[in-house]
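Letter by letter, the chains look like this.
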Amino acid sequence: MKLWGGRFTEDTNVLVENYTASIEFDVRLAEMDIQGSLAHARMLGQCGIITEQESEQIVNGLSALLSDYRAGKLEFRVDDEDIHMNVERLLHERIGAVSGKLHTGRSRNDQVALDMHLYAREAVVQAIAGLRKLQGALVQQAESNLDVIIPGYTHLQRAQPVLLSHHLLAYFWMLERDVGRLQDAGKRADMMPLGAGALAGTSFPISRQAVQEELDFSQLYENSMDAVSDRDYLIEILAAASILMMHLSRFSEELVLWSSEEFGWIELADAYCTGSSMMPQKKNPDVPELVRGKTGRVYGHLIALLTVLKGLPLAYNKDLQEDKEGVFDTFDTLLPALELFTGLVNTLQVRANRVASAFTHDFSNATDLADYLAVKGVPFREAHELVGKLVLRAIAQGSNLAGLEFSIYQEASAAFAKDIYDVLGISQVVAARGVRGGTAPEAVKQQLNLAKDRLLMVQ
Ligand code: ARG
C-alpha cells in the first residue's frame, strides 16, 4: 500500500515504480532526512499541533531509526519510492499509527529541499577543509624549495625563469578563490525551506523559526514557491566545483609533464603511482591523470542541472529529483581528488640537479638583455630586435647568450659593457623581478607569508 495510495484503484506498473523511485540514490540523505524529521516533530509538539506525548513518541522512534541506520540495520525498499517514504514506513513499523502524524504541515517537496540543503551545507564544509589541506601542502613545498629555479613557459616555450615556489603558489591563489566561491555558495545552501509545504505554505500554525534554529540555519526562505523550486545553490556549488576541478586538472597536467623523463623535474612518490602489467620499468602518474580525466564529469553535472531547470514552471516538478546524483557524484569526485592531491604534493621530490641542467641551452634571459639596453637608452623595440639577432647567432654556434664573446656584443651595440655577463645569470634574472607579485626570492617570500597568513586566519 502506497502512502499516497488513497485515490488509486490500480497497482503501480512495476516499470513505473522502478523508473520513478529515487531510493537507490537518495538513501544517501537518510541521516539528513531523519534529522529534519526530528526537528519537525519537536516543533509540531512545541506548537501544540500534535501533543507533547505524540511528539516524544515520534522523536524516540526517529532516534532509534537513526541509530539503526548508523549501525547499517535499516532496509530500504524500492516500492517505498524514496528516502522520505521509506523512513515513514520504517517509523510506522516501529511506533505504529502515531507515526502518521509526523507529516502534518509538511510535504515531500519541502522535505527533500531541506534534506538537500543539509547535505550541501555539510559537503561544502568538507570540500573547504580538503582545499585548506592542499593549500597547506603547496605552502610547505613552496617553502622548502625556495632556491629552485625552473624555466617558466608561455605557449609551452621557454619564456623567463621563475622560482618553483612561485609556480606552486600560483595554485595556492587559485585554490584560495575556490574556497571563496564555495563559501559564498555555502551561504545560499544555509537557508531553511521547511514550512513551504507542497508549494503554498501550510495552514497549520507551525514555527519555521523553531526548525531553523534547531537545525542551525542562518536564513529561511521568504517565499514558499521559491523554497521548493530553488536549486540555484546547487548550481553554484557545481560551478564552483567545476572551476576547482579545472584547477586540479591543470595542475595534474603539469605533474604528469614534470614527472616525465623529458622534464624530470620531480619524482612522484611510489605510493602515489602505479605500474604497467607489461612494461616492467614503468611508473605511471595515474592519480593526476584520473583527476584530469574526471574533471569532465563534474562539468557534465553542472550542465545537466542547468538544463534540468531551464524549462521548469514553478513550483515542484519531478524533474527536480534529477538534482541529486550529479551533486553526490561531484563531491564523490572532488573530495578524494583533494585528499589524493594533498598526498601527492606532500610527497613529491624535486630533482634539483635535473632542473638546473634545464638551463644549459636556454634563452630565458633574453628579455633581461633587452631590458639592459633599454636602461641604457636604446629604445626597447630596437633592443628587442638586436637581442633577437644575438639569439640566432648563439643558436648557430650551439651556445647560449652567456656563451657569446664580448666582441660580438660590442659589434652589436656600443651600449654593451662587460657587466652584461652579470645580468645574464639565471639567479640575477629571477632576482631582478622584485615587483610585488613577481618571482624574485624576496617577493616570493612575502607572497609565502601572505599565503601562510591566510591559512592561519582560517584555523
Ligand atoms: N524523491 C523526490 C525528489 O527527489 C522527493 C519529492 C517528491 N515529491 C513529489 N511530489 N513527488 O525530488
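Please read these numbers as outputs of a predicted model, since none were measured by experiment. The numbers attached to residues start from 1 for each chain and follow its sequence in the written order. Given that this is a predicted model, residues contribute local features only at a pLDDT of at least 70 and side-chain atom pairs are listed and counted only at 80 or more, while totals for whole chains, interfaces and linings are drawn from all residues. Side-chain numbers here rest on the full set of heavy atoms in the structure, without hydrogens or water.

### With respect to the nonpolar core
1) Next: Each nonpolar core is a collection of buried residues, namely Ala, Val, Leu, Ile, Met, Phe, Trp, Tyr and Cys, held together in the definition by side-chain atoms within 4.5 Å. The buried label goes to any residue with under 20% of its type's maximum accessible area, the exposed label to any with over 50%, and the partly exposed label to all in between, with areas taken from a 1.4 Å probe on protein chains only. Membership of the largest hydrophobic core comes to 100 residues, with the highest contact counts inside it found for L62, L248 and F331.
2) Next: We call two residues in contact whenever any of their non-hydrogen atoms come within 4.5 Å of each other. The contact partners of F331, leaving out residues within four places of it in the chain, are Y119, A123, V124, A127, I237 and P336.

### Some words on a negative patch on the surface
1) Next: Each patch is built from residues lacking any salt bridge and having more than 30% relative accessible area; the joining distance is 9 Å for like charges and 5 Å for nonpolar side chains (Val, Leu, Ile, Met, Phe, Trp, Tyr). Computed with a 1.4 Å probe, the accessible areas rest on the Shrake-Rupley method; for each residue, only the protein chains presented here act as cover. By definition, a salt bridge exists where a carboxyl oxygen of Asp or Glu is found within 4 Å of a side-chain nitrogen of Lys or Arg. When charges are counted, Lys and Arg are positive and Asp and Glu negative, with His and the chain ends excluded. A single reference atom marks each charge: NZ on Lys, CZ on Arg, CG on Asp, CD on Glu. A cluster of acidic side chains, namely E24, D319, E322 and E325, defines a negative patch on the protein surface.
2) Next: Locating E24 in the fold gives a position in helix α2 (residues 23-26). Elements are defined by DSSP. Helices are runs of H or I of four residues or more, strands are runs of E of two residues or more, and each kind is numbered from the N terminus.

### Comments concerning the pattern of salt bridges
1) Next: Taken as a whole and assessed by the stated rule, the structure comprises 34 salt bridges.
2) Next: In this structure, K283 engages E267 in a salt bridge whose closest nitrogen and oxygen atoms are separated by 2.7 Å. Of this pair, K283 sits in the loop between β5 (266-267) and α11 (286-310) while E267 sits in strand β5; the two residues are 16 residues apart in sequence, bridging distant segments of the chain.
3) Next: Residue classification places K283 among the partly exposed residues on the basis of a relative accessible area of 31%.
4) Next: The class for E267 is partly exposed, based on a relative accessible area of 37%.
5) Next: Where D368 meets R433, a salt bridge forms, and the shortest distance between an N and an O atom there is 2.9 Å. Separated by 65 residues along the polypeptide, D368 in helix α14 (residues 366-375) and R433 in the loop between α18 (426-431) and α19 (441-457) bring together distant segments of the chain.

### Looking at the environment of S37
1) Next: Of note, S37 is situated in helix α3 (residues 30-46).
2) Next: Each C-alpha atom, one on S37 and one on K294, is 35 Å from the other, the two residues being 257 residues apart in sequence.
3) Next: Among residues more than four places away in sequence, those in contact with S37 are L62, L102, R106 and Q111.

### A word on α11
1) Next: A helix's residues, less one, multiplied by 1.5 Å, set its expected span. Look at α11: 37 Å from first C-alpha to last across 25 residues, which is about the 36 Å you get at 1.5 Å a residue.
2) Next: Taken residue by residue, α11 has V287, P288, V291, T295, V298, H301, L302, L305 and L309 as its buried positions.
3) Next: Considering only its buried residues, α11 is in contact with α9 (224-229), α10 (232-258) and α12 (323-347).

### Details of the site of the ligand
1) Next: Here, proximity means that at least one heavy atom of the residue falls within 4 Å of the molecule or strand. What surrounds the ligand is the set S22, D26, D82, H84, R108, N109, V112, Y316, Q321 and K324.
2) Next: Polar contact is the term for a pair of N or O atoms within 3.5 Å; when the atoms are in protein, one must be able to donate a hydrogen and the other to accept it, and sequence-neighboring residues count only if both atoms are side-chain atoms. S22 places a side-chain nitrogen or oxygen 3.1 Å from a nitrogen atom of the ligand.
3) Next: Within the complex, 86% of the 340 Å² of free accessible area of the ligand lies under protein.
4) Next: Counting residues per element, the shell around the ligand draws most heavily on helix α6 (residues 108-144), at three residues.
5) Next: In this classification, Asp, Glu, Lys and Arg are treated as charged, Ala, Val, Leu, Ile, Met, Phe, Trp, Tyr, Cys and Pro as nonpolar, and every other residue, Gly included, as polar. Looking at the shell around the ligand residue by residue, the classes come out as two nonpolar, four polar and four charged.

### Comments concerning the packing of aromatic side chains
1) Next: Between rings of Phe, Tyr and Trp, where Trp is taken as its six-membered ring, a pair exists when centres lie within 6.5 Å; planes separated by under 30 degrees are stacked, by over 60 edge-to-face, and by other angles tilted. According to the stated counting rule, one finds 14 aromatic pairs in the structure shown.
2) Next: An aromatic cluster of three or more residues is present, and its members are Y153, W258, F263 and W265.
3) Next: Lysine NZ or arginine CZ positioned within 6 Å of the ring centre and within 35 degrees of the ring normal marks a charge as sitting over the ring. In this structure, R7 is placed above the aromatic ring of F8, and the distance from its NZ or CZ to the ring centre is 5.8 Å.

### Quick word on unusual backbone geometry
1) Next: In this model, L314 is joined to A315 through a cis peptide bond whose omega is 0°.
2) Next: Within the secondary structure, A315 is located in the loop between α11 and α12.
3) Next: Within the chain, L156 stands out as a residue other than glycine whose phi angle is a positive 55°.
4) Next: As for its placement among the helices and strands, L156 is situated in the loop between β1 (149-154) and β2 (157-163).
5) Next: At D216, a residue that is not glycine, the phi angle is positive and equals roughly 60°.
6) Next: With respect to the helices and strands, D216 occurs in the loop between α8 (208-214) and β4 (219-220).
7) Next: Here D216 falls in the exposed class, since its relative accessible area comes to 59%.

### Some thoughts on the pairing of β1
1) Next: As paired elements, β1 and β2 share five bridges and run antiparallel to each other. The partner of Y153 across the bridge, within β2, is R158.
2) Next: Pairing between strands is defined by DSSP: at least two bridges between them are needed. Counting the residues that bridge the hairpin from β1 to β2 gives two residues, and of these H155 lies at a positive phi of roughly 60°.

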